[in-house]
Structure formats: structure tokens, C-alpha cells
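# Residue-level structure breakdown
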Amino acid sequence: MEKDLTKGSVLKVLLRFSLPYLLSSFLQTFYGMVDLYVIGQYNGAAATSAVSIGSQVMHMLTVVIVGLAMGSTVGLGVAIGSRHTERASRIIGNTVTLFAIGSVTLVVVLLLARNGIITVMSVPAEAISQTKDYLTICFAGIPFITAYNVISCIFRGMGDSKSPMYFVGVACVLNIILDFLLIGGFQMGAAGAAYGTVVSQAASVAFALIFLIKKHDKVGVQLAKADFRPERAVFSDILKVGVPVACQDGFIQISFLVITMIANQRGVDVAASVGIVEKIISFLFLVPSAMLSSVSAIAAQNRGANQHERARKTLWYAILVSVSFGLVCFVLCQLVPEQFVGMFSNEDIVRELGGQYLRSYSFDCVMAGIHFCFSGFFCAYGLSGFSFAHNLTSVLLVRIPGAYLATKLFPDNLFPMGMAAPAGSALSAVICVVLFLAFRKKFGFAGEFRNRKNK
């Protein structure tokens, strides 16, 4: 349902928009962590590795899909901020058409490539069979995963972050029930986790469609058949923002996968430890991720309304919230890292190795909050290429080479390997600040900076 994000207290607008998004992300990540928890209770390290590796591949695909859909979120925000409802309708219709075609194509490609993916990922021999089962089932369910995330991005582009929270709530409850039923009750292992994920996402999409049908008069944008007809200009506008974001997120996830590959080559215990910590970190990153999406949606509407000062304030408040939360997470991970890892594994060696990795990796919760917020802001102004540039630089110069060198120099300790991610984020944060200052005219702040300089 359409919401105006261009009025009222900037901090209140940010918190009201981001909290439902945060809860949605929490629920989505929570039931992913439940997969890992339940599989760890009923199965050994092989099944745990299969789910952690498989879910990491699926997470990469999901963030790429969400990144592409960011073009729709920003386009809708600008259209609604400038009160161009017909333009908003065309963006929604073309988004549905574009992603429907893309998801079906993706299913075919990924099913053909699954064996190659398993080989490239250096999956431990003990986990190959279950990893293949997990990926096969999840790849087949990609249209449902795509539909859920695209519908959510459309709602957020219209300023509504609450409705997607209800959709994911349905998926969360059902996924938890199915996990205990299929993994615990029917002893289906990694395949049970995959079926639970796909079925719950399908149910969430069904609920979203029912919601749209019954509440269509309150959505705020009226759709006609013509809006679903592909238009090159609309496709171009969506992809112009979405492709750089998708590439940016994709490269980050590839760096995670490369790190996972490095860990996999060190044995199943290290693979399980790294996989568990990646899940924990993905949970801790919920606040920075929520800020990224919130800044992009709110700043886009304010850009459309020509209120650049509100857009800038949204960025600063988001950074403040993200960094504050990151500091709390960092302190907790220094105090009880093994206990966090122990929630997902009963094996002492996995807890010890995972604790080492989490203790250093957790500093990224602070650093990532800065460049995440800048990335959302850049996207709102149609400069998603900036986000792509700083993340690519970080991945190629720091994250991947840093993890590789740490493995070679410190083969018996995962702490140095965990430092690669926060070091990469620190570089990204510096680049973001430089870009923001260098292109301040683009963001409508040149006058303010000149006034400050003259004082």
C-alpha cells in the first residue's frame, strides 16, 4: 500500500519503514538458521555441510534477484515521490513480466549446471550426495523464491514495508514446522530442509497473491493488462539500477563462496565451522541490510520530490543505527563466540574452529554498516554503479586474497581468515565517503557544502 516517505521526522520515517523490513529479514534468516539447527540435531557434519553450502548458493541467487529488483524499488520510489502513478503502474507490470521470464530461464540453466557448481564449490566427498539433493530441489523452486522477493520489493518501492513482513511470517511458521517434520520425523536430511524451504516460499507467494486480490483497492496503484506488456525503456530503467546492484551483491557472495571453497578443501570440520559462522553473520547483518533497503526506498521518494536534504539525513541516521548495532554484536561475539557456534553443532572441534572465525569476522558488523548505507543511497540516485565499483574493488583486492593468504600463513587457526571480510569492508567504506564528497553536486548538496566552507 502506497506510503508517503517525504514528510515528518526523518528518523521516525526511517525507523517506521525499517523495523518491519528488519523483522521480515529476521524471520527469513531465522527459518534459514532453523534449517541448520534442526539438521545439526538429527544429522552429522556431512548433512550440516550440505545444508550450509547449499543454502549459501541459494542465498547468493536470492541476493542477486533482490539486487535486480532494486531497480524496481528505486523506480517506484521516484515515480511515487513525483506523483507519476501511471509510470509506477508500468514499472510494476514490467517488473512482473521481466522476472517471470528470468526465473523460468534460471531454473533450466541451474539444473543443468548443478554438478559443475558442486565441483567448483569443492564440496567434501561425504556431503556431495546431500548437497546435490538440496540444490536440485531448491533450483526447481526458484520461481517461488523469485516471486516472493519481487513482490516484496514492489511493496517497499511504494513505501509499504509491513505487507512483506506478513508474507514472510507465513513462510517462517510453515518452514519451521516442515523442518521438524521432514528432517526430524521422516529423517530426510538435507532434502527435507530443501523441501521445507520451497514449500514455505510457495505458500508465502500464494498468501501474497490472495492479499493483493482482496486488498487491490487499497494498494494505491491501479494495474491494467497493458502495464504487463514489455517496454524497452522501462526494462532499461529497471536494469540500469538493478544490474550493478545484482553484480555488486553477486561479487560479494562469490567472495563468500570462494572463502567457503577454501574452507571446504581443509576438511568437513572446517567446512561446517565456516558454514555455521556465515549463517550467524548473515543474521547479524540484518540491520545493515535493512538500512540499505530503507535508505534506497526513502531517499528515492525524496529524490523524486526534490527533497535532497531529507535524503542525506536518512543516510546519516541509517549509518548511526547500523554502526551502533554492529558495535554491540562485535562485543558479544568477543565474549561468547563458541557458545554462538555451539547452538548449531554438538561437535567440540566445530565449536572451537567456528569460535576463532566468528571472533575476527564479527568486526565486519561495524564496518559493513557504513558501506551498506552508502550503497542504498547511491542506488536511490541512480548511481548503483558506485556500489558495484567499491564492492568489486574490495573483493578483488582484499577479501579473496586476504582469506587465501591467511589460510596459507595460518593453517591451524581460522581467526586470521576471518579478518579478510572486515578489512574489505573498511576499504569499501573509505571509497564510499570519497565518492559521496566527489559527487555531492549530483546529490543536491553543493550549496550546503559551500555555505559551510565560507563560515
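### Notes on the nonpolar core
Within soluble globular proteins, side chains that are nonpolar generally end up buried alongside one another. Ranked by size, the top nonpolar core spans 100 residues in total, and within it Tyr 134, Phe 139, Phe 377, Phe 378 and Met 417 carry the most contacts. Contacts of Met 417, omitting those with residues within four sequence positions, involve Ile 259, Ile 262, Ala 263, Arg 266, Tyr 357, Ala 403, Ala 406 and Thr 407. Counting residues in hydrophobic clusters, the runner-up holds 29 residues, among them Ala 88, Phe 99, Val 168 and Phe 235.

### With respect to a nonpolar patch on the surface
Taken together, the side chains of Leu 11, Leu 15, Leu 19, Tyr 317 and Leu 320 present a nonpolar region at the surface, about 420 Å² in accessible area. The element contributing the most residues to the nonpolar patch is helix H1 (residues 10-42), with 3 residues. Inspection of the secondary structure puts Tyr 317 in helix H11 (residues 308-335).

### Details of the confidence of the model for the protein chain
Model confidence for the protein chain is summarised by a mean pLDDT of 83, while 94% of its residues fall at 70 or above. Note on residues 447-455: pLDDT is under 50 here. Beyond four places in sequence and across chains, it has 6 contacts.

### Regarding the environment of Val 78
Tracing the backbone shows Val 78 in helix H2 (residues 45-81). With a relative accessible area of 22%, Val 78 lands in the partly exposed category. C-alpha separation for the pair Val 78 and Tyr 381, spaced 303 residues apart in sequence, amounts to 9.2 Å. Residues within four places of Val 78 in sequence aside, it is in contact with Ala 300, Gln 301, Arg 303 and Gly 304.

### Section: the pattern of salt bridges
With the rule as written, the count across this model stands at 6 salt bridges. The shortest N-O distance in the salt bridge between Arg 90 and Glu 231 comes to 3.9 Å. Of this pair, Arg 90 sits in helix H3 (residues 85-120) while Glu 231 is found in the loop between helix H7 (189-214) and helix H8 (232-264), placing the two residues 141 residues apart along the sequence. By relative accessible area, which is 26% here, Arg 90 ends up partly exposed.

### Here we look at the packing of helix H9 (residues 268-284) against helix H10 (residues 286-304)
Look at H9 against H10: their axes get within 4 Å of each other, and the N-to-C directions meet at 45°. On the basis of their axis angle, the class for H9 and H10 is oblique. Listed contacts from H10 to Ser 282, Phe 283 and Leu 284 of H9 are Leu 286, Val 287 and Pro 288. Residue composition of the contact of H9 with H10, grouped by class: 5 nonpolar, 1 polar and no charged.

About the thresholds
Residues numbered from 1 in each chain as written. Predicted model: local features only at pLDDT ≥ 70, side-chain atom pairs only at ≥ 80, totals over all residues. Heavy atoms only, no water. Core = buried A, V, L, I, M, F, W, Y, C linked by side-chain atoms within 4.5 Å. Buried < 20%, exposed > 50% of the residue type's maximum accessible area, 1.4 Å probe, protein only. Contact = heavy atoms within 4.5 Å. Patch = residues over 30% accessible without salt bridge, like charges linked within 9 Å, V, L, I, M, F, W, Y side chains within 5 Å. Areas by Shrake-Rupley, 256 points an atom, 1.4 Å probe, with all protein chains shown as cover. Salt bridge = Lys/Arg side-chain N within 4 Å of Asp/Glu carboxyl O. Helix = DSSP H or I, 4+ residues; strand = E, 2+ residues; numbered from the N terminus. pLDDT = per-residue confidence, 0-100. Axes fitted to C-alpha atoms, helices over the stretch in contact; angles between N-to-C directions. Parallel < 35°, antiparallel > 145°, perpendicular 65-115°, else oblique. Nonpolar A, V, L, I, M, F, W, Y, C, P; charged D, E, K, R; others polar.

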